[in-house]
Amino acid sequence: MTPHANSALLAKLYRSIYRIRRVEEEIERIYPTDKIKSPVHLSLGQESVAVGVCAALHKDDIVFATYRGHAAYLAKGGDLNRMIAELYGKATGCARGKAGSMHLIDRAAGFMGTSAIVATTIPQAVGYAFAMRYRKQDTVTVVFFGDGAVEEGAFHESLNFAALKQLPIIFVCENNLYAIHAPLRDRLAGAGLCARAQSYGIPAKRIEDGDTLALHSEVSLAAAEIRAGRSGPHFIEAMTYRYVRHVGPGDDLFLKYRSQEELDAWKAKDEVKRLAAMLGAPEAQRIRDEAEKEIAAAFDFAEKSPFPSPRELEENLFHA
Amino acid sequence: MRNAAGEITYAQALYEATVQEMERDAGVFVYGLGVDDPIGMYGTTLDLHKKFGADRNFDTPLSEDAMTGIGIGAALAGLRPIHVHQRMDFLMLCMNQLVNIAAKASYMYAGQVQVPMVVRGIIGRSWGQGAQHSQSLHAFFMHVPGLKVVAPVTPHDAKGCMIAAIRDNNPVVFMEHRMLYNNRGFVPPEAYEVPFGKARVLAEGDDLTLVAISHMVVEAIRARAHLAEVGIGVEVIDPVSLAPLDMDTIARSVEKTGRLLVVDNDWTNCGASAEIIAETVERFQGKRAVRVARLGYAPVPCPTTKPLENLYYQNGRTIALKAYDMVKGGVGHWEPHGEDAKEIAEFKGPF
Ligand SMILES: Cc1ncc(C[n+]2csc(CCOP(=O)(O)OP(=O)(O)O)c2C)c(N)n1
Ligand SMILES: [Mg+2]
């Protein structure tokens, strides 16, 4: 797609994707110890979507995502220590242990939160984009959601309103072909996901194979158009694939809802490996070494952090 | 708007509060089905778009679910949305966003975000509104930690609660009973807040505490007049806000009277009346004997035909009879006479 992507961009993308891959592999490794007392919906295999999209955004652009939100949180610049501590339920977590894996937030990084109720962050992101326009700020808001969310009414209501008001938002559908164990082909009537967005007059593009660079360039273009006031919302259908089970670590091929061949075909085009190869060995190795240190330190930070005090149970329900 | 006594209607009080807050804070905006139409939500949002611009008072697609989430998103970004629903019943389509998102955001994110949003719902009773256009459903919202619920009755409290709700940094469900809209009362012209969590003792009495919610306050005042004729002194309390709920004021009254009758503008089971009575019993059991009872809608959906609809709702007479029974004992020993509810009897459509 972008054969001559510059090496600074490649390094940035590889750093981001490798870090996310390894963080989640560590989560998988630690999970059986039960130190992480929170359901985890891993992005293993899907990292490139968050990486390609977020690398094209400004620091103060806003991202909303889903319970499968580790990748988006990290790609947008969410603090790693505070994420791992949150998974451990520690007071140093990004929400002092009250949120867990499914509700990550880092306001300083423009990561506004995630939800365990499918499709609910879509209207929130549209509302945020509405506020940015209302305040005449040139912030772009991005919302990630799964292919399952497209079936919810809130998706359609949100796209309609965003298109009606020409709001500065990019809708990114992470189409991993399944909602839990249900394949998209068994759930979808009509012409596909992009066609749904197009029916609201929203420009829509499907990116194949989790192509990080293609996602990056597509979002860069969309964001530039939005910032220049030349367009309202954009829709991107990012084809991707989840390597592990819907929730929790490990393989789920024994459930037989998908095939070894399908999984292998996606693993053969793994974006972590592809970007490493494009970047070249010495640079990639340097990035890996750095990331390993940072990740080890983050788990160490979480291990050593205290749990919240009992007094915190009833705190933060309301704002004064 | 104001008469010589400084009085305006409940609807005008809501309008005045909204205008004053929109003037004070450029982040306040109003949206919902019909808010910028020529009726302007019974006058409460009339022509606000002409005054403040189309961004700040706009109609929406028929998308209550997403439009609630959109308000939440705008509130997360620092704006102060007021989402208006012509009937409380439509709030059922907003439940996902209100219960799962708005009520949770502050707590779940350990106070790092806030949702300063007002959700106005009008209780549609008049005549013939039937099963799906007349519900209150406030118990649903009271049940959920993280939501505030208010139901002001007087024009004074309508204005003060609206201003407090707009300034509140949390989601507030604001209940307005249609039959209160034309009531007049003194309303200070300047902006002021009526604090949540403080009940009002509207009239004092020694024999029975009568807690009434929303429009039932008007009926409770009528019941009090009936009961005065037979020498029964009733203390009428309007909680004003249901969440938070001022149980201290209610308990202080019950301490004196030893009797509590709660009349809700809703069904009784699992409702606000159940909650108020449970909390009262918890406070007094083993210390003081108290008599408790509650009244509410008949335990069925609201029928439209007038003779059945009249039976469905409580009124001054049914409340008085129940209170009489609690104080003197003996149903049927007394029949209240006097005026019936004018706003109900005199209501003319079309909607
Ligand atoms: C409103 C709602 N319905 C059902 C669920 C249960 N659920 C959790 S994840 C999921 C599948 C969602 O699939 P998709 O949107 O494709 O996201 P993915 O998990 O594949 O990333 C379902 C049905 C839920 N969390 N919320
Ligand atoms: Mg999916």
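Residues numbered from 1 in each chain as written. Chains lettered and ligands numbered in written order. Predicted model: local features only at pLDDT ≥ 70, side-chain atom pairs only at ≥ 80, totals over all residues. Heavy atoms only, no water.

Caption draft 1: Local environment of the overall build of chain B. Helix and strand counts for chain B stand at 12 helices and 14 strands. Against the compact-globule benchmark of 20 Å for 351 residues, chain B has a radius of gyration of 20 Å, which places it among compact chains. Based on the C-alpha atoms only, the size of chain B along its principal axes is roughly 60 × 45 × 40 Å. Expressed as a percentage of its 351 residues, the buried residues of chain B come to 61%. Partitioning the intrachain contacts of chain B with sequence separation of at least 6 by distance along the chain shows that 81% fall at a separation of at least 24. With an accessible surface of roughly 12,800 Å², chain B has 54% of that area assigned to carbon and sulfur atoms. (Helix = DSSP H or I, 4+ residues; strand = E, 2+ residues; numbered from the N terminus. Rg over C-alpha atoms; globule rule 2.2 N^0.38 Å. Buried < 20%, exposed > 50% of the residue type's maximum accessible area, 1.4 Å probe, protein only. Contact = heavy atoms within 4.5 Å. Areas by Shrake-Rupley, 256 points an atom, 1.4 Å probe, with all protein chains shown as cover.)

Caption draft 2: Focus on the overall build of chain A. The helix and strand tally for chain A stands at 11 helices and 8 strands. A globule of 320 residues ought to have a C-alpha radius of gyration of about 20 Å, and chain A, at 19 Å, matches this closely. Judged by the C-alpha coordinates and their principal axes, chain A covers about 55 × 50 × 40 Å. Counting only residues that meet the buried cut, chain A has 59% of its 320 residues in that class. Within chain A, contacts between residues at least 6 apart in sequence are counted, and of these 74% link residues at least 24 apart. On chain A, roughly 12,700 Å² of surface is accessible, and the fraction owed to carbon and sulfur atoms is 55%. The average position of the 40 basic charges and that of the 41 acidic charges among the side chains of chain A differ by 3 Å. (Lys, Arg positive; Asp, Glu negative; His and termini not counted. Charge placed at Lys NZ, Arg CZ, Asp CG, Glu CD.)

Caption draft 3: The arrangement of the packing of helix α1 (residues 7–30) of chain A against helix α4 (residues 80–87) of chain A in detail. All names here are of chain A. Axis separation between α1 and α4 bottoms out at 12 Å; the angle between their running directions is 25°. One finds that α1 runs roughly parallel with respect to α4. As for the relative orientation of α1 and α4, their crossing is right-handed in sense. Taking contact as the criterion, the partners of Arg19, Val23 and Ile27 in α1 are, on α4, Leu80, Met83, Ile84 and Leu87. Residues of the contact of α1 with α4, tallied by class, amount to 6 nonpolar, no polar and 1 charged. (Axes fitted to C-alpha atoms, helices over the stretch in contact; angles between N-to-C directions. Parallel < 35°, antiparallel > 145°, perpendicular 65-115°, else oblique. Left-handed = near helix turned anticlockwise from the far one by under 90°. Nonpolar A, V, L, I, M, F, W, Y, C, P; charged D, E, K, R; others polar.)

Caption draft 4: Structural view of the packing of aromatic side chains. Considering all chains together, one arrives at 26 aromatic pairs over all chains under this definition. Ring centres of B:Phe29 and B:Phe58 lie 5.9 Å apart, and the angle between their planes is 10°; on these two criteria the pair is classed as stacked. Residue B:Phe29 is located in strand β2 (residues 28–31), and its partner B:Phe58 is located in strand β3 (residues 57–58); the two are separated by 29 residues in the primary sequence. The class of B:Phe29 is buried, set by a relative accessible area of 2%. Here a set of aromatic residues connected by ring pairs shows up, and it is made of A:Phe130, A:Tyr134, A:Phe161, B:Phe29, B:Tyr31 and B:Phe58. Sitting above the plane of the B:Tyr107 ring, A:Lys98 keeps its charged end 4.3 Å from the centroid. (Phe/Tyr/Trp six-rings, centres within 6.5 Å; stacked < 30°, edge-to-face > 60°. Lys NZ or Arg CZ within 6 Å of the ring centre and 35° of its normal.)

Caption draft 5: How the structure looks around the pattern of salt bridges. Residues and elements named next belong to chain A. Within this structure, the stated rule accounts for 40 salt bridges over all chains. With its nearest N and O atoms 2.8 Å apart, the salt bridge here joins Arg187 to Asp147. Here the residue Arg187 occupies a position in the loop between β6 (182–183) and α7 (193–198), and Asp147 occupies one in the loop between β3 (141–146) and α6 (153–164), the gap between them amounting to 40 residues. Of the two residues, Arg187 and Asp147, neither departs from the other in class, the shared state being buried. A salt bridge links Arg274 to Asp211; the nearest nitrogen and oxygen atoms lie 3.7 Å apart. Taken together, the positions of Arg274 in helix α10 (residues 271–279) and Asp211 in the loop between β7 (204–207) and α8 (212–227) put the pair 63 residues apart, joining distant regions of the chain. (Salt bridge = Lys/Arg side-chain N within 4 Å of Asp/Glu carboxyl O.)

Caption draft 6: The site of ligand 1, seen in detail. All names here are of chain A. Looking at ligand 1, there are 15 residues lining it, with Tyr67, Arg68, Ala116, Asp147 and Asn176 nearest. At a separation of 2.8 Å, an oxygen atom of ligand 1 approaches a polar side-chain atom of Arg68. The contact in question runs from a nitrogen atom of ligand 1 to an N or O atom on the backbone of Ala116, over 2.8 Å. (Near = heavy atom within 4 Å. Polar contact = N/O pair within 3.5 Å; in protein donor to acceptor, adjacent residues only side chain to side chain.)

Caption draft 7: Inspection of the packing of α6(A) against helix α3 (residues 64–76) of chain B at higher detail. Axis separation between α6(A) and α3(B) bottoms out at 8 Å; the angle between their running directions is 65°. When you trace α6(A) past α3(B), the crossing you get is right-handed. Where α6(A) approaches α3(B), its residues A:Ala154, A:Glu157, A:Ser158 and A:Phe161 are matched on the opposing element by B:Glu64, B:Asp65, B:Ala66, B:Met67 and B:Ile70. Its residues placed into classes, the contact of α6(A) with α3(B) shows 5 nonpolar, 1 polar and 3 charged.

Caption draft 8: Expanded view of the domain arrangement of chain B. Residue and element names in this part refer to chain B. Domain boundaries assigned for chain B yield domain 1 (7–186) and domain 2 (200–345). Spacing between the C-alpha centres of domain 1 and domain 2 amounts to 27 Å. Facing the 29 residues of domain 1 at the interface are 29 residues of domain 2. Roughly 2,400 Å² of surface becomes buried between domain 1 and domain 2 when both sides are summed, with 59% attributable to carbon and sulfur atoms. At the boundary of domain 1 with domain 2, the tally comes to 1 salt bridge. (Domains from an automatic or database assignment. Buried area = accessible area lost by both parts, 1.4 Å probe.)

Caption draft 9: Here's a closer look at the sheet that holds strand β13 (residues 259–263) of chain B. Residue and element names in this part refer to chain B. Taken in spatial order, the 5 strands make up an open sheet running β9-β11-β10-β13-β14, and their pairing is mixed. Edge strands, defined here as strands with exactly one partner in the open sheet, are β9 (200–203) and β14 (291–295). Each strand of the sheet is rotated relative to its neighbour by a mean of 25°, with strand direction disregarded. In terms of strand pairing, strand β10 (residues 208–212) meets strand β11 (residues 234–238) through 4 bridges, oriented parallel. By the bridge assignment, Leu208 is partnered in β11 with Val234. (Pairing = 2+ DSSP bridges.)

Caption draft 10: Fine view of the interface of chain A and chain B. Across the contact, 43 residues belong to chain A and 41 residues belong to chain B. In total, chain A and chain B occlude about 3,500 Å² of area from one another, counting both sides; carbon and sulfur atoms represent 62% of this. In this assembly, chain A and chain B are joined by 0 salt bridges. Between chain A and chain B we count 18 residue pairs in polar contact (both at pLDDT 80 or more) in total. Elements that contribute at least two residues to the side of chain A that touches chain B include exactly β2 (111–115), α5 (121–134) and α6 of chain A. In terms of residue count, the dominant contributor to the side of chain A that touches chain B is α5(A) (10 residues).

Caption draft 11: Quick peek at empty space enclosed by the protein. All names here are of chain A. Evaluation of the coordinates by the stated rule reveals 3 cavities of 30 Å³ or more. In this structure, the largest cavity occupies an estimated 90 Å³ of space. Gly45, Tyr243, Lys269, Asp270 and Glu271 are, among the 13 residues lining the largest cavity, the residues nearest its centre. If you list the elements that add at least two residues to the lining of the largest cavity, you get α1, α2 (47–55) and α10. Class assignment for the residues of the lining of the largest cavity results in 4 nonpolar, 3 polar and 6 charged. If you add up the space inside the second largest cavity, you get close to 50 Å³. (1 Å grid on protein atoms, 1.4 Å probe; cavity = no way out; pocket = protein on both sides within 12 Å on 5 of 7 lines; lining within 4 Å. Points joined across faces, edges and corners; volume = space filled by probe spheres on them.)

Caption draft 12: Representation of the nonpolar core in the model. If you look at the biggest cluster of nonpolar residues, it comprises 88 residues, and the most contacted ones within it are A:Phe130, A:Phe145, A:Ile169, A:Phe171, A:Phe235 and B:Phe141. With 9 residues, the top contributor of residues to this core is α5(A). Here this core gathers at least three residues from each of two domains, domain 1 (7–186) and domain 2 (200–345) of chain B. Ignoring anything within four residues of it in the chain, the contact list for A:Phe130 reads A:Phe161, A:Leu167, B:Phe29, B:Asp55, B:Phe58, B:Ala74 and B:Leu79. (Core = buried A, V, L, I, M, F, W, Y, C linked by side-chain atoms within 4.5 Å.)

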